[in-house]
Amino acid sequence: DRKLAALYGVPAPSRDGFAAAFLPPDGARRGFLGQAAFLALHSHPVSSSATLRGLFVREKILCSPVGAPPSDVDTSIPEPSGEAPTLRERVAEHLEAESCRGCHLQMDPIGLGVENFDGVGRFREFDTRGGLENPALIDPSGDLDGAPFTDAWELGELVASHPRFGRCVAQSWMRFGTGTIEGLDQYPGVLGLTAELEQGGFRVLDMIERFVMSPAFRYAGEMEDETEEVQP
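Now for a quick tour of the structure. Here the structure is a predicted model, which is why all the values come from computation and not from measurement.

## As for the environment of Phe123
- Secondary-structure assignment places Phe123 in the loop between helix H5 (98-111) and strand S1 (126-127).
- Take Phe123: its relative accessible area is 34%, and that puts it in the partly exposed class.
- Beyond its immediate chain neighbours, meaning those up to four positions away, Phe123 contacts Ala28, Arg29, Asn116 and Phe117.

Right, dumping it as structure tokens:
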């Protein structure tokens, strides 16, 4: 609608209500990591959060759990200053502290890749939290498990080609569809869905169709093979 179009920085597709809109192909935003819903949901009330955004990608898109912080650890970061005008400089404290470094290295470099989007998902090139009179240029570069990227576009490509991505999508759909955590006897089904997703060019609808037709979705209980009759 018109309000959301203003946030995305595109012309309103309709005067009233919702309508289809297209993002400019040379714009800074694309894919799931560019959606305002993802960016706003994983932010603080008054600012973006490299840690929350990176944590979501790491745990929900790549299925790589990150340990909980120690109960007595200080999770606060410094306020913007002349020495640390952007979030990158401010979260560097976590990357230097021995008690924080192990976990934050798994999250913060990912989240900094979408730092060009503020707390509500609006694109910006400069961080003005230190004052409008002295805006600081945002650097969205980083690396994902050793693979470097320069901005959110390249980050999205690395996430999509990550070796854990396909299996994570398949595993998440199976858990959502069955309402259970898969056991060892169901793990071959996860691998089968992963192969379907990868061989089909990551067409999620094709994978979902295979999943809902599979015994893992249609039946409860153990099965020796797909030809064995079981009670629905």
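## A closer look at the environment of Phe211
- Mapped onto the fold, Phe211 is located in helix H9 (residues 204-212).
- The class for Phe211 is buried, based on a relative accessible area of 3%.
- Along the sequence, Phe211 and Glu154 sit 57 residues apart, while their C-alpha atoms lie 30 Å from each other.
- When residues no more than four places from it in sequence are discounted, the contact partners of Phe211 are Trp173, Met174, Gly177, Thr178, Leu193 and Phe217.

## A word on unusual backbone geometry
- Notably, Cys63 is not glycine yet its phi reads approximately 50 degrees, a positive angle.
- Within the secondary structure layout, Cys63 lies in the loop between helix H3 (50-61) and helix H4 (87-96).

## What about the packing of aromatic side chains?
- Taken as a whole, this structure holds seven aromatic pairs when the rule is applied.
- Between the aromatic rings of Phe32 and Phe56, the centroid separation amounts to 6.0 Å while the plane-to-plane angle is 25 degrees, which identifies the pairing as stacked. Of this pair, Phe32 sits in the loop between helix H1 (2-8) and helix H2 (36-41) while Phe56 sits in helix H3, and the two are 24 residues apart along the sequence.
- Classification of Phe56 by relative accessible area gives partly exposed; the value is 23%.
- An aromatic cluster of three or more residues is present, and its members are Phe32, Phe38 and Phe56.

## Overview of the packing of H3 against H5
- Relative to each other, H3 and H5 sit at 105 degrees, their axes nearing to 7 Å. The orientation of H3 with respect to H5, classified from their angle, is roughly perpendicular. Across the interface between the two elements, Ala50, Thr51, Arg53, Gly54, Leu55, Val57 and Arg58 from H3 touch His104, Gln106, Met107, Asp108, Ile110 and Gly111 from H5.
- Grouping the constituent residues of the contact of H3 with H5 by class yields five nonpolar, five polar and three charged.

## Focus on H5
- Counted at 1.5 Å a residue, the expected span for H5 with its 14 residues is 20 Å, and the 20 Å between its end C-alpha atoms agrees.
- Along H5, the sharpest change in direction is near 60 degrees and occurs at His104.
- All buried positions along H5 are accounted for by Cys100, His104, Met107, Asp108, Pro109, Ile110 and Gly111.

## Details of the side chain of Arg124
- On the secondary structure map, Arg124 appears in the loop between H5 and S1.
- Arg124 gets classed as buried once you look at its relative accessible area, which sits at 17%.
- Only 2.9 Å separates the side chain of Arg124 from the side chain of Glu115, close enough to count as a polar contact.
- If we ignore the near neighbours within four places in the chain, the residues touching Arg124 are Ser48, Glu115, Asn116, Phe117, Asp118 and Ile138.

## Some remarks on helix H6 (residues 152-160)
- Within the sequence span of H6, burial applies to Ala152, Leu155 and Val159. Considered in projection along H6, the buried side chains sweep an arc of 55 degrees and stay on one side of the axis.
- The elements touched by buried residues of H6 are H3, H5, strand S3 (142-144), strand S4 (147-149) and helix H7 (165-178).
- Between the side-chain oxygen at the start of H6 and the backbone nitrogen of Trp153 there is a gap of 3.2 Å, and the oxygen is on Asp151.

The rules we used
- Residues numbered from 1 in each chain as written.
- Predicted model: local features only at pLDDT ≥ 70, side-chain atom pairs only at ≥ 80, totals over all residues.
- Heavy atoms only, no water.
- Helix = DSSP H or I, 4+ residues; strand = E, 2+ residues; numbered from the N terminus.
- Buried < 20%, exposed > 50% of the residue type's maximum accessible area, 1.4 Å probe, protein only.
- Contact = heavy atoms within 4.5 Å.
- Phe/Tyr/Trp six-rings, centres within 6.5 Å; stacked < 30°, edge-to-face > 60°.
- Axes fitted to C-alpha atoms, helices over the stretch in contact; angles between N-to-C directions.
- Parallel < 35°, antiparallel > 145°, perpendicular 65-115°, else oblique.
- Nonpolar A, V, L, I, M, F, W, Y, C, P; charged D, E, K, R; others polar.
- Expected span 1.5 Å × (residues − 1).
- Bend = angle between axes of the 7 residues up to and from the residue.
- Polar contact = N/O pair within 3.5 Å; in protein donor to acceptor, adjacent residues only side chain to side chain.
- Arc of directions from axis to C-beta.

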